[in-house]
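Each chain, written out:
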Amino acid sequence: MRTRTLADNGGVGEEVKGTGYSGAHRREYRRKVQQCLDVFETMLAQSSFEFERPLTGMEIECNLVDSAYQPAMSNQEVLQAIADPAYQTELGAYNIEFNVPPRRLPGRAALELETEVRASLNAAETKANRHDAHIVMIGILPTLLPEHLAGHWMSESTRYQALNDSIFTARGEDILIDIVGPERLSLQTASIAPESACTSMQLHLQVSPADFAQNWNAAQVLAGPQLALGANSPYFFGHELWAETRIELFAQATDTRPDELKAQGVRPRVWFGERWITSIFDLFEENVRYFPSLLPELSDEDPVRELAEGRTPKLAELRLHNGTIYRWNRPVYDVVHGRPHLRVENRVLPAGPTVVDMMANAAFYYGTLRTLSEEDRPLWTKMSFPAAQHNFVQAAQHGIDARLYWPGLGEVTADELVLRQLLPMADEGLRRWEVAAEVRDRYLGVIEGRAKTGRNGATWQVSTVRALQERGMARPAALAEMLRRYGTRMHSNEPVHTWDEGFEDQVD
């Protein structure tokens, strides 16, 4: 289920050849991207895409910490110890990514997947421990501080360096990180290092060309409620910011636009979008029309000839370009065993807190998406696109305390929306996927528990840190102690809405 793009913050990709490109090289890349787009349009009309047995996929980005719960810049050593191709490098030397094998949804498959993911992560954790490292699944590592990103923070990779250089060449100046929350954070950065703080869980769904638009539109509608339920990133550089700070941090840390281009209305590369769509082609066409290349790597493929001779073109330039535009719901074109397929890649959610929480987030997403996308009068015909975007931002800022707009209800609390509207939709959607009742009960029960208690990863982190500070701890020590408790509970696999702050424990 891997998206093979060179620069995707959640992608493996192949290595780039260099970090410098001539004007002629860039012009040829632009020509090839447009040629790929034309071929893709032809394929949508003529080709046979793989979708009869739709697969789902999951990617989980993780952080590495040492025994003091500070960032451990040791992903190369840890990955060598894990020695499993399912685990890959990420942008930061303290990040790794786990690619979960794709599978179908029906029956008890999700329960089997939960067991497999836990076993794989436990085995990886045991091997990481030999290098004084622990694996933590969390949206932003709360103990990360500016000094950790001042030295050798980046994974060894030409493509990451090329991405960094391209973003700063496009901007022509340092990046301003300015996030207004309970404790405002404002700083300048001379690299994309803050982007590495953003660790997410990505959900993939294979769909037919005919069904893509409905599924993407439904995913955009769902993004706000998803985020409100799953927020898990309230701290960055020691500051309490948004419930899901990762959303705004990722947008700012990769922004190629100086202020003048923002004022002109140039689109950001981390993008919610601006309209409902009628075809996947709409999204790829926007990507080509609005965004200059960041990594203009050329392939040897002639996509026109490949298609004319009955082969499936890889469309390498178009896929690479698509991988440098960070939509929260991204369109994906891929080729597996010679057959093309399309996927919606949902990039909304942070990693963690536990495997069962992430499985619950996935079940809620796939179930609700199925129901929303198959409605006779789709929700997006009754809701403006800016309203969906406003919900997304509100959910990122306020998490489970957000107030969200919903057609027929008006503005409601996230818990009311989930309990009254979305959980029944999720259950019905999973039924349509032929998911077993025990699976629906287990995972949707977790979502219900979160909505009823008002507790997700973000609220637990904040309440724990505040309680530790009230007991006399300074903020850095409180963040490290909170993360220690978080790690213990993460391994218990008890869902986050059942966690307490743990003051029966002795503070180390």
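Below is a short write-up of the structure. What you are looking at is a predicted structure, and each value in this text was computed from that prediction instead of being measured.

Here's the deal with the overall build of the chain
Then, number 1: From N to C terminus, the chain includes 16 helices and 15 strands.
Then, number 2: In summary, the chain has a C-alpha radius of gyration of 22 Å against a globular reference of 23 Å for 508 residues, a match within 12%.
Then, number 3: C-alpha extents for the chain along the principal axes are approximately 70 × 50 × 45 Å.
Then, number 4: Taking all 508 residues of the chain together, the buried fraction comes to 62%.
Then, number 5: Expressed as a percentage of contacts within the chain between residues at least 6 apart in sequence, the contacts between residues at least 24 apart total 75%.
Then, number 6: Split by element, the accessible area of the chain, about 18,800 Å² in all, is 48% carbon and sulfur.
Then, number 7: Here the chain contributes 52 positively and 70 negatively charged side chains, and the mean placements of these two sets differ by 3 Å.

Description of the pattern of salt bridges
Then, number 1: This structure, assessed with the given rule, holds 35 salt bridges.
Then, number 2: Among the ionic pairs, Glu 438 bridges to Arg 108, the shortest N-O distance being 2.8 Å. One end of the pair, Glu 438, is in helix H14 (residues 437-453); the other, Arg 108, is in the loop between strand E3 (95-103) and helix H3 (109-129), and 330 residues separate them in sequence.
Then, number 3: Accessibility expressed as a relative area gives 39% for Arg 108, which makes it partly exposed.
Then, number 4: Arg 370 is the partner of Glu 374 in a salt bridge, and the nearest nitrogen-oxygen pair spans 2.5 Å.
Then, number 5: What you see here is one network of salt bridges that share partners, running through Asp 255, Arg 257, Asp 259 and Lys 262.

Things to note about helix H5 (residues 209-230)
Then, number 1: Counted at 1.5 Å a residue, the expected span for H5 with its 22 residues is 32 Å, and the 29 Å between its end C-alpha atoms agrees.
Then, number 2: Along H5, the helix axis deviates most sharply at Leu 222, where the bend reaches about 40°; the proline Pro 225 sits within four residues downstream.
Then, number 3: For H5, a buried count of 18 out of 22 residues is recorded, marking the element as mostly surrounded by other parts of the structure.

Some points on the packing of H3 against H14
The relative placement of two packed helices comes down to the angle between their axes together with the axis-to-axis distance.
Then, number 1: Where H3 meets H14, the closest approach of the two axes is 8 Å, and the angle between their N-to-C directions is 55°. With respect to their mutual orientation, H3 and H14 come out oblique. On the side of H3, the interface is formed by Ala 110, Leu 111 and Glu 114, while H14 contributes Glu 438, Val 439, Arg 442 and Tyr 443.
Then, number 2: Of the residues belonging to the contact of H3 with H14, the class tally is four nonpolar, no polar and three charged.

Side note on unusual backbone geometry
Then, number 1: A cis amide bond, omega -5°, links Gly 352 with the succeeding residue Pro 353.
Then, number 2: Inspection of the secondary structure assignment puts Pro 353 in the loop between strand E13 (339-350) and helix H11 (355-373).
Then, number 3: Backbone geometry at Leu 315 places phi at a positive 55°, although glycine is not the residue there.
Then, number 4: On the secondary structure map, Leu 315 appears in the loop between helix H9 (303-308) and helix H10 (316-322).
Then, number 5: Residue class for Leu 315 comes out buried when judged on its relative accessible area of 0%.

What to know about the layout of surface pockets
Then, number 1: When its volume is computed, the second largest pocket comes out at roughly 440 Å³.
Then, number 2: Those elements that provide at least two residues to the lining of the second largest pocket are helix H1 (23-46), helix H4 (158-171) and helix H8 (280-290).
Then, number 3: Counting residues per element, the lining of the second largest pocket draws most heavily on H1, at five residues.
Then, number 4: Of the residues in the lining of the second largest pocket, the class split is 10 nonpolar, five polar and seven charged.

Some remarks on the environment of Met 383
Then, number 1: Following the sequence through the fold, Met 383 ends up in the loop between H11 and helix H12 (385-398).
Then, number 2: Using a relative accessible area of 4% as the deciding quantity, one classes Met 383 as buried.
Then, number 3: Considered as a pair, Met 383 and Gly 408 are 25 residues apart in the sequence and their alpha carbons are 9.9 Å apart.
Then, number 4: If near-sequence neighbours (up to four positions away) are discounted, Met 383 is found in contact with Val 221, Trp 276, Ala 388, Asn 391, Tyr 405 and Pro 407.

A look at empty space enclosed by the protein
Then, number 1: Inspection of every chain in the model, using the stated rule, returns six cavities of 30 Å³ or more.
Then, number 2: The calculated volume of the largest cavity comes to roughly 190 Å³.
Then, number 3: Every element with two or more residues in the lining of the largest cavity is listed here: strand E1 (56-65), E3, H3, H11 and H14.
Then, number 4: Among the elements that line the lining of the largest cavity, the one with the most residues is H11, at four residues.
Then, number 5: In the lining of the largest cavity, the residues fall into 16 nonpolar, two polar and two charged.
Then, number 6: Volume-wise, the second largest cavity comes out at about 130 Å³.
Then, number 7: Around the second largest cavity, the lining residues are Arg 118, Leu 121, Asn 122, Glu 125, Ile 135, Met 137, Val 355, Met 490, His 491 and Asn 493.
Then, number 8: Only H3 and helix H16 (475-492) provide two or more residues apiece to the lining of the second largest cavity.
Then, number 9: If one sorts the elements of the lining of the second largest cavity by residue count, H3 sits on top with four residues.

Conventions used here
- Residues numbered from 1 in each chain as written.
- Predicted model: local features only at pLDDT ≥ 70, side-chain atom pairs only at ≥ 80, totals over all residues.
- Heavy atoms only, no water.
- Helix = DSSP H or I, 4+ residues; strand = E, 2+ residues; numbered from the N terminus.
- Rg over C-alpha atoms; globule rule 2.2 N^0.38 Å.
- Buried < 20%, exposed > 50% of the residue type's maximum accessible area, 1.4 Å probe, protein only.
- Contact = heavy atoms within 4.5 Å.
- Areas by Shrake-Rupley, 256 points an atom, 1.4 Å probe, with all protein chains shown as cover.
- Lys, Arg positive; Asp, Glu negative; His and termini not counted.
- Charge placed at Lys NZ, Arg CZ, Asp CG, Glu CD.
- Salt bridge = Lys/Arg side-chain N within 4 Å of Asp/Glu carboxyl O.
- Expected span 1.5 Å × (residues − 1).
- Bend = angle between axes of the 7 residues up to and from the residue.
- Axes fitted to C-alpha atoms, helices over the stretch in contact; angles between N-to-C directions.
- Parallel < 35°, antiparallel > 145°, perpendicular 65-115°, else oblique.
- Nonpolar A, V, L, I, M, F, W, Y, C, P; charged D, E, K, R; others polar.
- 1 Å grid on protein atoms, 1.4 Å probe; cavity = no way out; pocket = protein on both sides within 12 Å on 5 of 7 lines; lining within 4 Å.
- Points joined across faces, edges and corners; volume = space filled by probe spheres on them.

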